[in-house]
Amino acid sequence: MPELPEVEVVRAGLQPAVTDARVTGVEIFDERSLRRHVPASGLFADQLRGHRILAAVRRGKFLWLPLDSGRALVIHLGMSGQVLLRTPGAALDRMLRIRLTLEHPSHGELWVNFVDQRIFGSMAVDAMGPTSDGLPAGYSGTVEADATWQHRIPSQVAHIARDPIDPSFSSNLFFAALARKNTGIKRALLDQNLISGIGNIYADEALFAARIHYVQPAASLSPVKAVALLAAVRTILHRALAEGGTSFDAQYVNVNGQSGYFAHSLEAYGRQGTPCSRCGTLIVREQFMNRGSHFCPRCQRLR
C-alpha cells in the first residue's frame with residue numbers, strides 16, 4: 001500500500017496543476033471507486049462540476065482537494081490507486097475509474113485520471129469541519145494566513161493522526177502516547193490514530209535505523225530511544241521523498257506515471273537473507289500482522 005512518501009509525491013505533483021482550476025467535467029467509469037462517497041449528500045459529479053479547486057492537501061496517506069463550495073474531494077489510493085495528469089485526447093489509461101476535466105487559468109484544459117487496478121482506492125466529496133486543535137489540517141506546501149480551508153478537514157480524515165513531517169505534528173504528544181502503549185513498537189507505528197503515514201516498509205526501515213526490535217513494547221522505550229526512533233522515521237521519510245517514493249512495480253507512480261527509486265536504498269525491508277549493512281548478520285523476515293517484518297537479529301535485539 002502506498003505510504004506517506006508515495007502519496008506526498010502525488011500531492012506535490014497535483015498542486016500546481018489543480019490549484020485554481022475549475023472542474024468542467026466528471027466521467028465515472030466504475031461506480032465501485034465511489035464507495036466512500038455518501039449519496040445522501042448529493043451526486044458526486046454535481047458536487048464537483050463548476051467548482052474551483054483551492055489546493056492539494058495531505059495528512060498521512062489521505063489526500064484531499066478543498067473546493068470553493070466549502071467541501072472537499074477526498075482521494076485515497078488504497079492498494080493500487082494512481083492519480084495521473086493527462087492532456088485531453090491522450091490514449092485511454094487502462095483501469096481508468098474516474099476522470100475529471102479541469103480548466104486551469106494558466107495551463108488550460110487537462111484531465112485528472114483516477115486509475116485503480118484492485119479498486120480498493122476511492123474518490124468522495126466530503127463535508128469539511130474545523131480541526132480539533134485549531135491548527136492547519138494537513139500538509140499543503142503553502143501557507144495562506146486568510147485561507148479558511150487550511151484549518152478545515154474532511155470528516156473522513158478527521159480521525160487520522162498527524163504525520164511526522166506535518167509542521168503541526170507534536171513530538172511531545174507522540175512520546176507521551178508511546179509511553180502509554182504496551183503493544184509492540186511496530187504495531188504502534190502502524191496505528192494511524194497515533195501517527196499517520198507509516199506503513200510496513202518505512203516502519204521496518206526506521207526500526208532498523210534506530211536499532212529497535214519490532215516487537216519491543218512501545219512503553220519500554222527510553223526517552224533517548226524514542227527520540228532516536230522519531231528522528232529515524234523523519235529521516236527515512238524525507239529520503240524516500242527525495243527519491244520519489246518506493247516503487248516495486250508499475251503501480252506506485254507519480255502524476256506523470258514515473259516510478260520512485262527508494263527501493264534501491266532499502267536496508268531491511270525485502271532484504272531477508274542478505275547481510276546487514278552494519279554487522280554482516282543475515283537479515284531475517286518474520287510473519288507479522290498478515291505481512292512480514294524484516295530486521296537484523298544482532299543489531300535489533302529484543303531488550
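Just above, that's the structure.
Residues numbered from 1 in each chain as written. Predicted model: local features only at pLDDT ≥ 70, side-chain atom pairs only at ≥ 80, totals over all residues. Heavy atoms only, no water.

### A closer look at the overall build of the chain
1) Next: In terms of regular secondary structure, the chain is built from 5 helices and 12 strands.
2) Next: Here the C-alpha atoms of the chain give a radius of gyration of 20 Å, agreeing with the 19 Å that 2.2 N^0.38 yields for 303 residues.
3) Next: Based on the C-alpha atoms only, the size of the chain along its principal axes is roughly 60 × 40 × 35 Å.
4) Next: Put simply, the chain has 303 residues, and 54% of those count as buried.
5) Next: Long-range contacts, defined as pairs at least 24 residues apart, comprise 66% of the intrachain contacts of the chain with a sequence gap of at least 6.
6) Next: Summed over its atoms, the accessible surface of the chain is roughly 13,100 Å², and 53% of this surface lies on carbon and sulfur atoms. (Helix = DSSP H or I, 4+ residues; strand = E, 2+ residues; numbered from the N terminus. Rg over C-alpha atoms; globule rule 2.2 N^0.38 Å. Buried < 20%, exposed > 50% of the residue type's maximum accessible area, 1.4 Å probe, protein only. Contact = heavy atoms within 4.5 Å. Areas by Shrake-Rupley, 256 points an atom, 1.4 Å probe, with all protein chains shown as cover.)

### Considering the sheet that holds strand β2 (residues 57-59)
1) Next: Read across the sheet, 4 strands follow the order β2-β3-β4-β8 without closing on themselves; strand pairing throughout is antiparallel. Where the open sheet ends on each side, the last strands, each with one partner, are β2 and β8 (122-126). The sheet shows a mean angle of 25° between the axes of neighbouring strands, taken without regard to direction.
2) Next: Relative to strand β4 (residues 72-76), strand β3 (residues 62-66) is paired through 5 bridges, and the arrangement is antiparallel. Its bridge partner lying in β4, Leu-65 is registered against Leu-73. (Pairing = 2+ DSSP bridges. Axes fitted to C-alpha atoms, helices over the stretch in contact; angles between N-to-C directions.)

### Quick look at the packing of aromatic side chains
1) Next: Under the definition given, this model contains 4 aromatic pairs.
2) Next: Here the aromatic rings of Phe-169 and Phe-174 are separated by 5.9 Å at their centres, their planes lie at 50°, and the arrangement is tilted. Phe-174 carries the same exposure label as Phe-169, and that label is buried.
3) Next: Ring centres of Phe-174 and Phe-175 lie 5.9 Å apart, and the angle between their planes is 50°; this geometry places the pair in the tilted category. (Phe/Tyr/Trp six-rings, centres within 6.5 Å; stacked < 30°, edge-to-face > 60°.)

### Some thoughts on the pairing of strand β12 (residues 291-295)
1) Next: Among the 5 residues in β12, 4 count as buried, and that is most of the element.
2) Next: Relative to β12, strand β11 (residues 284-288) runs antiparallel, the two being bridged by 5 bridges. Among the inter-strand pairings, Glu-286 is bridged to a residue of β12, identified as Ser-293.
3) Next: Between β11 and β12, which pair antiparallel and follow one another directly, the connecting turn spans 2 residues, one of which, Met-289, has a positive phi of 50°.

### Observations regarding the side chain of Ser-168
1) Next: Turning to its location among the elements, Ser-168 is positioned in the loop between β10 (152-154) and α2 (171-179).
2) Next: Filtering out sequence-adjacent residues up to four positions away, Ser-168 remains in contact with Leu-135, Pro-136 and Arg-162.

### Things to note about the nonpolar core
1) Next: Ranked by internal contacts, the top residues of the largest apolar core, which has 34 residues, are Phe-174, Leu-178, Ile-185 and Leu-229.
2) Next: Put simply, the parts of the chain that give this core at least two residues each are α2, α3 (185-189), α4 (200-210) and α5 (223-242).
3) Next: Looking at this core element by element, the count peaks at 8 residues for α5.
4) Next: Sequence-distant contacts of Leu-178, that is, excluding residues within four places in its chain, are made with Ile-185, Ala-188, Leu-194, Ala-218, Ala-219, Leu-221 and Ala-226.
5) Next: Of all hydrophobic cores here, the second largest spans 30 residues; its members include Val-7, Val-10, Ile-98 and Leu-110. (Core = buried A, V, L, I, M, F, W, Y, C linked by side-chain atoms within 4.5 Å.)

### A look at the side chain of Asn-200
1) Next: Here Asn-200 lies in helix α4.
2) Next: Here Asn-200 falls in the buried class, since its relative accessible area comes to 9%.
3) Next: Ignoring sequence-local partners within four residues, the contact set of Asn-200 consists of Glu-3, Lys-186, Leu-190, Tyr-269, Arg-291 and Gly-292.

### Section: the pattern of salt bridges
1) Next: Scanning all chains against the criterion turns up 14 salt bridges.
2) Next: For the salt bridge of Arg-22 with Asp-68, the shortest nitrogen-to-oxygen distance reads 3.8 Å. Placement of the pair is Arg-22 in strand β1 (residues 22-28) and Asp-68 in the loop between β3 and β4, with a sequence separation of 46 residues.
3) Next: You can call Arg-22 partly exposed: its relative accessible area is 36%. (Salt bridge = Lys/Arg side-chain N within 4 Å of Asp/Glu carboxyl O.)

### Details of the sheet that holds strand β6 (residues 96-104)
1) Next: Taken together, 4 strands build an open sheet; the order of strands is β1-β6-β7-β5 and the sheet is antiparallel. Of all the strands in the sheet, just β1 and β5 (81-86) have a single pairing partner and so form its edges. Adjacent strand axes in the sheet meet at a mean angle of 20° when their direction is disregarded.
2) Next: For β5 and strand β7 (residues 108-116), the ladder comprises 6 bridges, and the chain directions are antiparallel. Across the sheet, residue Gln-82 finds its bridge partner in β7, namely Val-115.
3) Next: On top of the sheet, helix α1 (residues 4-18) reaches β5, β6 and β7; it is set at about 35° to β5, its chief contact.

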